[in-house]
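For reference, the chains in residue letters:
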Amino acid sequence: MSPVLELRNLRKSFGMGSGFANFFGGAPQQVVAVDGVSLNVMPRKVLGLVGESGSGKSTCGLMAMRLLDVTSGEIIVNGTDITRLEPAVLKPLRKQMQIVFQDSYSSLDPMMTLSQIVAEPFVIHGMYTIQERNEIVGDLFEKVGLDRSYRSRYPHELSGGQRQRISIARALALKPDILVADEPTSALDVSVKAQVINLMHDLQEEMGLSILFISHELNVIRSLADEIAVMHNGRIVEQAPTETIFKDAQHPYTKSLLNAIPSLDARKRVRRSFMTAEEITANIPKVSQADITTTANVSTTGPQLVNVSEDHKVEAIVEG
Ligand SMILES: Nc1ncnc2c1ncn2[C@@H]1O[C@H](COP(=O)(O)OP(=O)(O)OP(=O)(O)O)[C@@H](O)[C@H]1O
Ligand SMILES: [Mg+2]
């Protein structure tokens, strides 16, 4: 089976050329936000992308949706390389790919009714008659658990959870194959968070969606993700099926994220701690060439992402 979304060796650096560096005569600085990320989102599967703030998750998601240009690498959607397609050629393909953001308040136009917001993709792509649009929008409201009577309301009249339902309805209007969800529940209260996760789970099954679900919390995506990729400093440091990540994490950074999950057990809670950057570096696993299932390039210095089993990748130092 081929992936719905394939990211091949994606890189993104941002130039920080203005200001102090130039003033003092230094070279313009580059921030490497994404440093060689390869990921596959398979049909009808949810891939969770987890990492702390600044690890490069959103930059990956934005590049995947062609909302941000890549520095290098390729983005393949349903077998088509979309990395450098011109906007006019890209536009019809955009129907296949949608994104939901964390901050639904700023992504919903306050001057538009909820019905206009959800129908906007049809207007952009010139689809359906007005009557057909109304009907489909009504169905979409129902699908995301909002009463049809909300259609003439405005975003400010909604709660955070309801606004996120509207964002999801709009994203699903064109029946995309791939959805990028960038922390869609981070701004929500715990109970509302769970409702929105459940909704996404139901919609994913019903519509056969493939989802790249971005989160900084492992426990948020546990119930939704088939597979989890852990991102640290712009790189994937571990990737495995969700239960393997929870039972057999091998990279110190993944372990540190697991430690940070709030525990219901008060005794365990005391021991919660994050590792420092030095501790993480000092604890990067070492594997011997014999332990890895794929051939790694041993001449490369520094850690590399290797398969420790068929579906489990870990960034490790490979020793001869
Ligand atoms: N437009 C930009 N210009 C310069 N630097 C940027 C830009 N966008 C992101 N960065 C930098 O790239 C790195 C990765 O940012 P990104 O937003 O992708 O992280 P993230 O994992 O989504 O974090 P968060 O959990 O806070 O959303 C950060 O160091 C950030 O400061
Ligand atoms: Mg982000």
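It should be noted that the structure appears before, not after, this text.
Small disclaimer: the values here were computed from a predicted structure and weren't measured.

About the thresholds
Residues numbered from 1 in each chain as written. Chains lettered and ligands numbered in written order. Predicted model: local features only at pLDDT ≥ 70, side-chain atom pairs only at ≥ 80, totals over all residues. Heavy atoms only, no water. Pairing = 2+ DSSP bridges. Helix = DSSP H or I, 4+ residues; strand = E, 2+ residues; numbered from the N terminus. Contact = heavy atoms within 4.5 Å. Core = buried A, V, L, I, M, F, W, Y, C linked by side-chain atoms within 4.5 Å. Buried < 20%, exposed > 50% of the residue type's maximum accessible area, 1.4 Å probe, protein only. Salt bridge = Lys/Arg side-chain N within 4 Å of Asp/Glu carboxyl O.

Draft legend 1. Broad picture of the pairing of strand E12 (residues 304-309). Note that E12 and strand E13 (residues 312-319) share 5 bridges and pair antiparallel. Each residue of the ladder has a partner; that of Leu-305, found in E13, is Glu-315. Taking the residues between adjacent antiparallel strands as the criterion, E12 and E13 are bridged by 2 residues.

Draft legend 2. Region of the structure containing the side chain of Ser-115. Mapped onto the elements, Ser-115 comes out in helix H5 (residues 114-124). Non-local contacts of Ser-115, meaning those with residues more than four positions away in its chain, are made with Val-137, Phe-141 and Arg-151.

Draft legend 3. Structural detail: the nonpolar core. With 51 residues, the main nonpolar core has Ile-166, Ile-168, Met-200, Phe-213 and Ile-228 as its most contacted residues. In this structure Met-200 touches Ile-168, Leu-179, Ala-181, Pro-184, Ile-211, Phe-213 and Leu-224, once residues within four positions along its chain are discounted. Counting 30 residues, the second largest nonpolar core, distinct from the first, contains Ala-33, Cys-60, Leu-90 and Ile-99.

Draft legend 4. Region of interest: the pattern of salt bridges. Applying the stated criterion across every chain yields a total of 10 salt bridges. In this structure, Lys-193 engages Glu-217 in a salt bridge whose closest nitrogen and oxygen atoms are separated by 3.4 Å. Residue Lys-193 is located in helix H8 (residues 190-207), and its partner Glu-217 is located in the loop between strand E8 (210-215) and helix H9 (218-222); the two are separated by 24 residues in the primary sequence. What you see here is one network of salt bridges that share partners, running through Asp-139, Glu-142 and Arg-148.

Draft legend 5. Layout of the pairing of strand E7 (residues 178-182). Judged by how many residues are buried, E7 sits mostly within the fold: 5 of 5 residues are covered. Where strand E6 (residues 97-100) meets E7, 4 bridges bridge the pair, whose relative direction is parallel. Across the sheet, residue Gln-98 finds its bridge partner in E7, namely Leu-179. The pairing of E7 with E8 spans 5 bridges and is parallel. Bridging across to E8, Val-180 finds its partner in Leu-212.

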